[in-house]
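Working through the structure, step by step
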Amino acid sequence: MSIISDETTLHPRVGGEVDAPDEPDDLSGLATSIPSVEGVETGPRRNLRKATLDEKFNLFGAAVASIALTALLFGWFTPLTGIVGWVVVAFLSFIGFYILLVSLRSDAQEVKDRIMTALLVSAGIILFSALVFVVAFALIRGKDALPNLNFFTETMQLAGPLDPLSVGGIFHAIVGSLIQISIALAITIPLGITTAVFLNEIGGRFARFVRTIADAMTALPSIVAGLFVYAAIIQLITHQRSGFAAAMAITVMMLPIVIRASDVVLRLVPGNLREASYALGSTRWSTVWHVVLPTARSGLVTAVILGTARGIGETSPVLLTSGITSVLNVNPFSGPMISLPLQVFDFVKSPEPNMIARGFGTAAVLLLLVLTLFTIARVFGGRGPGQLTDRQRRRVAGQSADDLKRMARLTNVTTPVAATVIATPPAPENAAEHRESSEPPEGTQLFPAIDPPHPEETSP
Amino acid sequence: MTRTDAPPVRRSLVSAPSRSDSAFTAVTLTAGATTVGIMLAVGLFLSIRASDALKVSEFSFLVEQQWSPETHVFGIAAILFGTFNVAIVAMGVAVPLALGTALLISEVVTGRLRSALVSLVDLMAAVPSVVYGLWGLFFLQANVIPVAQWISTYFGWIPFLRVSDAAGLPLSEASAFTSSAFIAGIVVGLMVVPTQTSVMQEAFSQAPIGEREGALALGSTRWGMIRTVVIPFGKGGIIGGTMLGLGRALGETIAVYMIISPIFTINWQVLKTGTNSVSALIALRYGEASDFGLSALMAAGLVLFLITLAVNFTASSIVARSRSGAETG
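Residues numbered from 1 in each chain as written. Chains lettered and ligands numbered in written order. Predicted model: local features only at pLDDT ≥ 70, side-chain atom pairs only at ≥ 80, totals over all residues.

**Things to note about the overall build of chain B**
Secondary structure summary: chain B contains 12 helices and two strands in total. Starting at the N terminus, the α and β elements of chain B follow one another as α-α-β-β-α-α-α-α-α-α-α-α-α-α. A compact globule built from 329 residues would reach a C-alpha radius of gyration of about 20 Å, whereas chain B, at 26 Å, exceeds it by more than 25%. With the C-alpha coordinates of chain B rotated into their principal frame, the extents come out at 105 × 65 × 30 Å. Per-residue burial over chain B gives 48% buried out of 329 residues. In chain B, the proportion of contacts linking residues at least 24 apart, taken out of those at least 6 apart, comes to 77%. (Helix = DSSP H or I, 4+ residues; strand = E, 2+ residues; numbered from the N terminus. Rg over C-alpha atoms; globule rule 2.2 N^0.38 Å. Buried ≥ 20, exposed ≤ 12 C-beta atoms within 10 Å, placed from the backbone. Contact = placed C-beta atoms within 7 Å.)

Here it is in structure tokens:
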């Protein structure tokens, strides 16, 4: 897509990742040659993406004209009022003026293109400002409650609806949320990831059935999951609402999410890694444990964290199952145990301003928790399976270099270094313990096989 | 190397699984079976418990508007109508925004801004629904009433936008507008926009580069290229994303529950206070419900589940088909 400048074509950057390391210089006479640029005059590069002065003026002029017209309409000419009406009229007149200005210099196609671009940009601006406003609204209204340290360390046991914000807090809800999500994760992580491994590594007709069922369960409305736990566990077995029942409801909600996300991640593990592992004689289990899971590690972590973020914010299943309390309860098997989203819901049902402020404070805490989880997920994720960070790549390259030295010492081969590198098998991580064997032992990290050859390896 | 003394016997090429492998297979199979067990348990339990109520009400369950299981007069006609009413308003808000934003992200912005916007969309999909509910209850409800009043005054001649009392006279006081399907729909719409945007954006970004460049090389503008290449290739993503959002909107509880004031009659006037939804009904009535009442709620939940199931499966099959089409085309 992008236009490659002449300089980069003629002088490939030495050591760049795309360069093949095994391209000896002495073959340049045989390879396709590019005419020299010596003596050819080149003009300054043009920025092809920049808007012209014309386009900028059209936008600016339409904006100014629409604001002026709307101000006139609302202030002097018509009895229109209201901020929403103002914005709508201003937007419509902006589009009108913009059409007018663009059509002065361009044809109909061009006008259509400009208008649609303006509409797309405004859809984006409306959406993102609305979403950011929703989040900011909770954070800003929560600022009354958040500065009080007792908000995080006390419970609502001794605080009534009329008490000031310096009394009482949501410690019990934070603890409740953590206990419930821990129980849910203790079930979801092993079960979800093992099921995803089953779907990908074992396969077969039953696996397809499992996948269909898991997909179907993502459609389960969360309130119905809560109703199921309420009728099946609380009414039939425990006869009281408890943190455990709430954790069960969250598990039913989270399990399909985690299975689906892990399934997608495991499917992205390249097949040649598995085949390489099988070709070295390893069993299915050791292939999964030493190749598939480490390769997909970051994606699996992301899947679990995103599932956690969804699970911790679920209100409706918890509403039916956990019960509402203002007392700290650390036993998930007996007595009601409130969690953060339910506490928000409970606080804002009260008409007292202080309780509503507490509700917003709780929502802000919940929101910050979700944002933190999401940020962690982004830091871990965002890379496909087997893609390494710079540090990991340096470590792997260092291992390869050590390996190379060791093998050169053992075999006393005097062949050129570059040839040895190409023939080198993937470097064993615990190289020192396997001096005699030239093939990687079981438990080898196969990262180097998919890592592009690093410049450090090839430099003699 | 070869043994000549033994007669040639056809050797089985299937190796016996090692002990670790059989254990591994057994464990993963158990996990898969457990997952299916949990999921089927939910479905079966719901169906069995719901059948008690469905046996009593039979077909009237789908056409009755009242909800009083104690007198055995109950049905989900009004509730289902309200559920769809909220969901349709939500789609009206969400689909244009999601479509525009998805096109913006995949076609207009580039580089770092694009990846930042993609992250923001994903982040918004993880924001708890109770936060949206708070915003709807404490901000939107008060601020959208003048707009609703204005619409009902000037567009009241359209039947479903009118707000009138039992005698048919138009109402204009604010209390007639506070807890309507319109407001709940806006909040639910904002809640599902991120899901829809990310599905649509993914579909658009898979539109083949060759066709795009072909359109541009023939002299089309960016919008011409979007209209003739990106949107036809992303059609499956648009439909699928819309339906995935619809599935979420139908099942949304807390935000709807916080905003609406529940009624048990069909209310055609979108802007008028009073509507209902299946999930809000469950949240409202599960506490005081008798055994039979709970069974009736289960039946309502089962119907909702079946609807969202159908919507989701249709959506995912459309998305999957469009994806394979994009690869071959």
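**Notes on the overall build of chain A**
Per the secondary structure count, chain A includes 19 helices and zero strands. Within chain A, buried positions represent 40% of all 460 residues.

**Regarding the interface of chain B and chain A**
How big an interface is tends to be expressed through the accessible area that disappears when the partners come together. At the interface, 67 residues of chain B touch 74 residues of chain A. For the side of chain B that touches chain A, the element with the highest residue contribution is helix 1 (residues 19-57) of chain B, accounting for 18 residues. A per-class count over the side of chain B that touches chain A returns 43 nonpolar, 21 polar and three charged. (Nonpolar A, V, L, I, M, F, W, Y, C, P; charged D, E, K, R; others polar.)

**Re the environment of Phe345(A)**
For Phe345(A), the position within the fold is in helix 14 (residues 340-348). Leave out the neighbours within four places in its chain, and Phe345(A) touches Thr315(A), Leu319(A), Val130(B) and Ile254(B).

**Here's the deal with the packing of helix 6 (residues 171-202) of chain A against helix 9 (residues 243-267) of chain A**
The description of two packed helices rests on the angle between their axes and on the distance between the axes. Residues and elements named next belong to chain A. In the contact formed by helix 6 and helix 9, the axes pass within 7 Å of each other and the chain directions differ by 35 degrees. The hand of the helix 6/helix 9 crossing is right-handed. Here the residues of the contact of helix 6 with helix 9 sort into 19 nonpolar, nine polar and two charged. (Axes fitted to C-alpha atoms, helices over the stretch in contact; angles between N-to-C directions. Left-handed = near helix turned anticlockwise from the far one by under 90°.)

**Here we look at helix 3 (residues 83-105) of chain A**
All names here are of chain A. In a regular helix each residue adds 1.5 Å, so 23 residues correspond to 33 Å; helix 3 covers 34 Å between its end C-alpha atoms and thus fits that length. Restricting attention to buried positions, one finds in helix 3 the residues Phe94, Tyr98, Leu101 and Val102. Packing partners of the buried residues in helix 3 comprise helix 2 (53-77) and helix 4 (108-141). (Expected span 1.5 Å × (residues − 1).)

**Considering the confidence of the model for chain B**
Across chain B, the average pLDDT comes to 85, with 95% of residues at 70 or higher. Taken as a whole, residues 324-329 of chain B scores under 50 in pLDDT and shows six contacts with residues more than four places along the chain or in a different chain. (pLDDT = per-residue confidence, 0-100.)

**Considering the nonpolar core**
Taken as a class, soluble globular proteins show a tendency for nonpolar side chains to be buried jointly. One finds Leu227(A), Val131(B) and Val187(B) to be the most contacted residues of the largest nonpolar core, which totals 197 residues. In terms of residues, this core owes the most to one element, helix 3 (residues 77-108) of chain B, which gives 18 residues. Counting the residues that make up this core, at least three belong to each of domain 1 (53-141) and domain 2 (171-352 + 361-380) of chain A. Excluding residues that lie within four positions of it along the chain, Val187(B) makes contacts with Tyr132(B), Gly133(B), Gly136(B), Leu140(B), Ala255(B) and Ile259(B). (Core = buried A, V, L, I, M, F, W, Y, C linked by C-beta atoms within 7 Å. Domains from an automatic or database assignment.)

**Quick notes on unusual backbone geometry**
In this structure, His239(A) takes a positive phi of about 60 degrees despite not being glycine. With 9 C-beta atoms counted inside 10 Å, the residue His239(A) sits in the exposed group. The phi dihedral of His72(B) is positive, around 60 degrees, even though this residue is not glycine. Checked against the element boundaries, His72(B) lands in the loop between strand 1 (67-68) and strand 2 (73-74). Among the residues examined, His72(B) registers 12 C-beta atoms within 10 Å and is labelled exposed.

**Some thoughts on the confidence of the model for chain A**
All names here are of chain A. When pLDDT is averaged along chain A, the result is 79; 80% of the residues meet or exceed 70. The secondary-structure element of chain A with the lowest mean pLDDT is helix 19 (residues 455-458), recorded at 41, while helix 6 shows the highest, at 92. Throughout residues 1-23 the model reports pLDDT below 50, and contacts reaching past four residues in sequence, or to other chains, amount to 14 contacts.

**Some words on the environment of Leu369(A)**
Position of Leu369(A) relative to the elements: it lies in helix 15 (residues 353-380). With 57 residues separating them in the primary sequence, Leu369(A) and Ile312(A) have C-alpha atoms 8.9 Å apart.

**What to know about the packing of helix 3 of chain B against helix 6 (residues 181-205) of chain B**
In the contact formed by helix 3 of chain B and helix 6 of chain B, the axes pass within 5 Å of each other and the chain directions differ by 40 degrees. As for how helix 3 of chain B packs across helix 6 of chain B, the hand of that crossing is right-handed.

**As for the environment of Ala232(A)**
Mapped onto the fold, Ala232(A) is located in helix 8 (residues 222-238). Counting along the chain gives 13 residues from Ala232(A) to Ala245(A), while the straight-line C-alpha distance between them is 9.8 Å.

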